[in-house]
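Structure assessment
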Amino acid sequence: MTPGTEPASGPSADGGRRSSSAFWKVAAVLVGAQVATALLAVVLSGVFAQDRSAELLAGTLRLRLDAVAEEVEARADIGPFGDVALGDRLRADLGTRFPDPLSLLDEAGAPVETFGDAPLPDVPVDALDALDAGRVEVDLDAPGGGWGLAPILAPDGLPAGALLVRPLAGTVAEERSGTVRTFWQATGITVVVAVALALLLGALFTSRLLRPVREVTRRVERLGEGDYADRLPEAGTDELGRLARAVNDMAARVEASIQSLRDTDRLRRELVANVGHDLRTPLAALRVTLDEAERFAGEGRTADVEEAVAAARRQAEGAATLVADLFELSVLDRPDQALRLDPVPVGELVADVGRQHARAFAAAGITFEVDVPTGLPVVLADGARLVRA
């Protein structure tokens, strides 16, 4: 990675799509949970209320049968021996009172006639018992679809016959139609309310839960764009707080790594520049010394030639040492091993350095003299670095 480069990014549209997708996922889960809970509550309520509903339905049918029997007692001609004479109009009215066939029984429980097109029914034994007891009875669970019976009393209060409805399927369906319609209306309202509530809760949950996630996403995207200084708030100890701390730690490490790369790159450039400068100096001095040796040789000054050659050799060794340092980058990390300590004659070192720069001073018109006193000590030092200094 090259420091300073920033990848392009377009987070806003993607963030909006992610938020929208997350909202609908949460809303779908909440809608399903709310609707399932509501339907389960309705179904369980229906199951638990089934027995009570059957009792209420049986009571309603008993009241209806008793009312029809009282109407027959009021409108029919009941003789002293229990014979019941029905008028045509009453007979027509009785045919419309129940969806199921309604039959007239005599005082012994034998079918006399049926109001409608249905044949005469079989009278259950339990119905005969109810007739003998003179009570209105309804049995919804009896084989054949159930039955209902209401005694018809003579003016003296004795049973003169009975009205029998068998089966009760149509009558039960008619009575329950209102309840079923109410049930489905309640179910529909419950589903609508559950969906609306789930959407509202989904909006609230996604707003609260996804806000920290969106902040983390924004921070990571800005990190990818090269902004390493921004930090997330680390409030809370839950998973979102831990995620924020982890992202901040990652951003800090990335920022430190990028800074380290920049520092390393800066040091590399400085090192190259310094090495170039340090190499130019000994090479120029070496050229000057060799020129002097050549001039001394032409003049026959053998001792000066030997001294110049020895100085050139030392300068070449210093340049070689400097080049070797380029391959020892660990020196930058281990200052204790950076110096090569050798015996160095201070007088010779000063004379060599003066000789290296003599021509440059001469070219600039500056009089340059090196006065090295005799008897200077030999010191333990890094000669090449002293020359560079």
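As the structure is a prediction and not an experimental result, all values here were calculated from the model. (Residues numbered from 1 in each chain as written. Predicted model: local features only at pLDDT ≥ 70, side-chain atom pairs only at ≥ 80, totals over all residues. Heavy atoms only, no water.)

Here we take up the pattern of salt bridges. Applying the stated criterion to the full structure yields 11 salt bridges. D93 is paired through a salt bridge with R75; the nearest N and O atoms lie 3.1 Å apart. One end of the pair, D93, is in helix α3 (residues 88–94); the other, R75, is in helix α2 (residues 50–75), with 18 residues separating them in the sequence. Looking at R75, the relative accessible area reads 39%, which means it is partly exposed. Between E137 and R135 there is a salt bridge, with its nearest N and O atoms 3.2 Å apart. Relative accessible area serves as the criterion here: at 24%, E137 is assigned to the partly exposed category. Overlapping salt bridges, with partners in common, bring together E71, R75, D93 and R97 in one network. (Salt bridge = Lys/Arg side-chain N within 4 Å of Asp/Glu carboxyl O. Helix = DSSP H or I, 4+ residues; strand = E, 2+ residues; numbered from the N terminus. Buried < 20%, exposed > 50% of the residue type's maximum accessible area, 1.4 Å probe, protein only.)

Ordered in space as β4-β3-β7-β6-β5, the five strands form an open sheet in which the pairing is antiparallel. Of all strands in the sheet, those bounded by a partner on one side alone are β4 (111–115) and β5 (137–139). Across the sheet, the mean angle from the axis of one strand to that of its neighbour is 20 degrees, orientation sign disregarded. As paired strands, strand β6 (residues 147–153) and strand β7 (residues 159–165) are joined by six bridges and run antiparallel to one another. Considered in β7, the bridge of L149 is made with L164. (Pairing = 2+ DSSP bridges. Axes fitted to C-alpha atoms, helices over the stretch in contact; angles between N-to-C directions.)

Another aspect to go through is helix α4 (residues 125–133). Among all positions of α4, only A127, A130 and L131 are buried. Taken down its axis, α4 places every buried residue within 100 degrees of arc, on the same side. Facing away from the buried side of α4 by more than 90 degrees, the exposed set consists of V125 and D132. In this fold, the buried residues of α4 make contact with β3 (102–106), β5, β6 and β7. Looking one or two places after α4, you find G134, whose phi comes out positive at around 70 degrees. (Arc of directions from axis to C-beta. Contact = heavy atoms within 4.5 Å.)

Here we come to the side chain of D352. Counting through the fold element by element, D352 comes out in helix α8 (residues 346–363). A residue is classified by how much of its surface remains accessible, and D352, at 9% relative accessible area, is buried. Ignoring any residue separated from it by four or fewer positions in sequence, one finds D352 in contact with A311, R314 and Q315.

The subject of this paragraph is unusual backbone geometry. In this structure, P167 follows R166 across a cis peptide bond, with omega equal to -5 degrees. In this fold, P167 is placed in the loop between β7 and α5 (169–224).

Treat this as a map of the structure, not an account of what it does.
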